[in-house]
Protein chains: 2
Amino acid sequence: MPDLPESLSLYLVTDAPDRCRLGLLDTVVAAVEGGVSLVQYRTVHAHKGAAYAEAQALRALLAVRRVPLLVNDHIDLALAVDADGAHIGRRDLPPQAARRLLGPGRWLGLSTNNLRQLEATDFSLLDYIGIGPIFPTGTKRDVSPVVGVEKLACLVARSPCPVVAIGGITLGVAASVRAAGVAGLAVASAICGAVNPAAAARALRRVG
Amino acid sequence: MPDLPESLSLYLVTDAPDRCRLGLLDTVVAAVEGGVSLVQYRTVHAHKGAAYAEAQALRALLAVRRVPLLVNDHIDLALAVDADGAHIGRRDLPPQAARRLLGPGRWLGLSTNNLRQLEATDFSLLDYIGIGPIFPTGTKRDVSPVVGVEKLACLVARSPCPVVAIGGITLGVAASVRAAGVAGLAVASAICGAVNPAAAARALRRVG
C-alpha cells in the first residue's frame with residue numbers, strides 16, 4: 001500500500017448506498033479509476049452483519065487496486081475485514097481505546113473541528129486528522145460549526161500530523177481548500193452523487 | 001469469575017436507560033444484589049463514546065462484585081472495556097469474525113430463534129446460545145417469531161451448549177421456562193422496569 005500522506009490526497013468517504021447513483025461498489029470502483037487514493041467506509045446500516053458484508057466487498061476490490069480502506073467508527077469492523085485503519089469522530093471510542101484495539105500497524109484518524117480540540121489531541125495516537133466541516137454539508141447530520149478555509153489554514157499550520165479537509169467540498173472550492181496546505185481532500189457526495197464518479201474524481205484530482 | 005453455565009442462571013440484559021426506573025447503574029447494582037449472575041450491556045446510544053463510558057462504569061461496578069459482563073453486538077466495545085465476552089445476534093458480525101476478534105478467552109453467545117438456525121450453528125465458536133423470544137416482548141423491536149416453552153424444550157434438547165431463554169420472561173412464567181431445561185433466564189424489563197430491581201431479581205432467582 002502507498003504511504004500516508006500520499007494516500008490522503010483524494011479521500012473518498014462512502015455515502016449512503018441510496019445516495020450513490022451507481023450503487024456503492026460501482027461508485028467506489030469508478031472513483032478509484034478516477035484517482036481516489038483512499039476509501040473510508042462509513043456505514044449507515046443498523047446491523048453490523050450487513051456492514052460487514054459490504055466492507056468485505058470493498059476490501060476485496062480495493063486490495064487488488066492497492067487503495068487503502070479505512071472504516072469509520074467501528075473498530076471491530078475494521079479489524080474483521082483487515083482494513084488499513086479506522087477513522088473516529090469525537091463521539092466514537094476515544095483515540096486511546098481505538099489505538100489499543102487497532103495496534104500500531106493500522107492508521108487512525110480523528111475528526112477535529114476547532115483549535116480547542118486540536119490542542120487537546122494526543123497526536124502520538126494518530127496518523128492524521130480530518131478537519132471539518134469546511135463548508136455546510138448535507139451528507140452528515142449532527143455536525144459541528146463550519147470551519148471555513150481561513151481557519152482551516154490556521155489549524156493546518158498548528159497540526160503536527162497530516163490534515164484531510166472534509167465537509168461540503170466540491171470542485172468549485174477544491175483549489176482554495178488545497179491552498180490551505182492540507183494533505184488531502186475528503187469528499188462524499190461530490191463523487192458518490194455524481195453521474196460519472198470517475199470523471200468527478202479525475203477533476204478533483206487535477207486541482208492542486 | 002464464576003464459570004459458565006453457572007453465570008447464565010439469571011442473566012440481565014440492560015434496558016434503555018429511560019426504561020430503567022432507577023437509572024442504568026443503580027438498576028444493575030440492585031439487580032446484582034438481588035442475585036443477577038451476569039450482565040449483558042445492550043446499548044441504545046447512537047454514539048459509541050457514550051456507550052464506552054457507560055460500559056466502563058458497568059465494568060468497574062461488576063468487577064468488584066465478581067459478576068461477568070458481556071457486551072451486545074459491539075465487539076470493539078467488549079474489547080475496549082475488557083468485558084468477559086460478547087453476545088451477537090443473527091444480524092451482527094458473524095460468529096467466525098466475532099470469535100476471531102474476541103480470542104479464545106472470552107465468552108461468545110449467539111441469538112437463536114429456531115431449529116434451522118440451531119442446526120446451522122458452528123458451536124465450536126460459541127459458549128452458549130440465547131433462544132428467544134420465548135414470549136412476546138416490548139423490549140426489542142424487530143424480533144423473530146415467538147418460540148414458546150414447548151419448542152424451547154425441543155431446542156434445548158438439541159443444543160450441544162448451554163441455553164439462555166430470553167424474551168418476555170416474567171416471574172409468572174419463569175418456572176415453566178426453567179422447566180424446559182435451560183441454563184438460565186435472561187430478562188430485561190422484568191428487572192430494569194421494576195420499582196425494586198433487587199426484589200425482582202431475588203424472586204426470579206428463587207424460581208427453579
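Here's what I pulled together on the structure shown here.

Conventions used here
Residues numbered from 1 in each chain as written. Chains lettered and ligands numbered in written order. Predicted model: local features only at pLDDT ≥ 70, side-chain atom pairs only at ≥ 80, totals over all residues. Heavy atoms only, no water. Least-squares fit on C-alpha atoms with pLDDT ≥ 70 in both. Helix = DSSP H or I, 4+ residues; strand = E, 2+ residues; numbered from the N terminus. Buried < 20%, exposed > 50% of the residue type's maximum accessible area, 1.4 Å probe, protein only. Polar contact = N/O pair within 3.5 Å; in protein donor to acceptor, adjacent residues only side chain to side chain. Contact = heavy atoms within 4.5 Å. Buried area = accessible area lost by both parts, 1.4 Å probe. Nonpolar A, V, L, I, M, F, W, Y, C, P; charged D, E, K, R; others polar.

1. Let's talk about the relation of the copies chain A and chain B
Both copies of the chain are related by one operation, a rotation about an axis with a shift along it.
Then comes step 1: Once chain A has been moved 0.0 Å along the axis and rotated by 180 degrees, it coincides with chain B to within an RMSD of 0.0 Å. Interpreted geometrically, this transformation is the action of a two-fold axis. Relative to the rotation axis, the C-alpha of Asp-76 of chain A is the closest in chain A, positioned 2.4 Å from it.

2. Structural notes on the side chain of Thr-43 of chain A
All names here are of chain A.
Then comes step 1: Note on placement: Thr-43 falls in the loop between strand S2 (38–41) and helix H2 (48–63).
Then comes step 2: The exposure class of Thr-43 is buried, given its relative accessible area of 15%.
Then comes step 3: There is a polar contact of 3.4 Å between the side chain of Thr-43 and the side chain of Tyr-41.
Then comes step 4: A polar contact of 2.9 Å, which involves the side chain of Thr-43, links it to the backbone nitrogen of His-45.
Then comes step 5: Once residues within four sequence positions are removed from consideration, Thr-43 is found in contact with Ala-51 and His-74.

3. Structural notes on unusual backbone geometry
Residue and element names in this part refer to chain A.
Then comes step 1: Geometrically, the link from Leu-4 to Pro-5 is a cis peptide bond, its omega value of 0 degrees lying close to zero.
Then comes step 2: On the secondary structure map, Pro-5 appears in the segment before strand S1 (10–13).
Then comes step 3: With a phi close to 55 degrees, Arg-66 is a non-glycine residue in the positive phi region.
Then comes step 4: Summarising the element assignment, Arg-66 is placed in the loop between H2 and strand S3 (69–72).
Then comes step 5: Phi is positive for Asp-73, close to 75 degrees, though the residue is something other than glycine.
Then comes step 6: Structurally, Asp-73 is set in the loop between S3 and helix H3 (75–80).

4. Brief notes about the interface of chain A and chain B
Then comes step 1: Each partner contributes to the interface: chain A provides 20 residues, whereas chain B provides 20 residues.
Then comes step 2: Overall, the association of chain A and chain B removes approximately 1600 Å² of surface from exposure, summing both partners, and the carbon and sulfur fraction of that is 62%.
Then comes step 3: One can count 15 residue pairs in polar contact (both at pLDDT 80 or more) joining chain A with chain B.
Then comes step 4: Considering every element that reaches the side of chain A that touches chain B, the biggest residue donor is H3 of chain A, with five residues.
Then comes step 5: Residues belonging to the side of chain A that touches chain B are distributed by class as follows: 10 nonpolar, three polar and seven charged.

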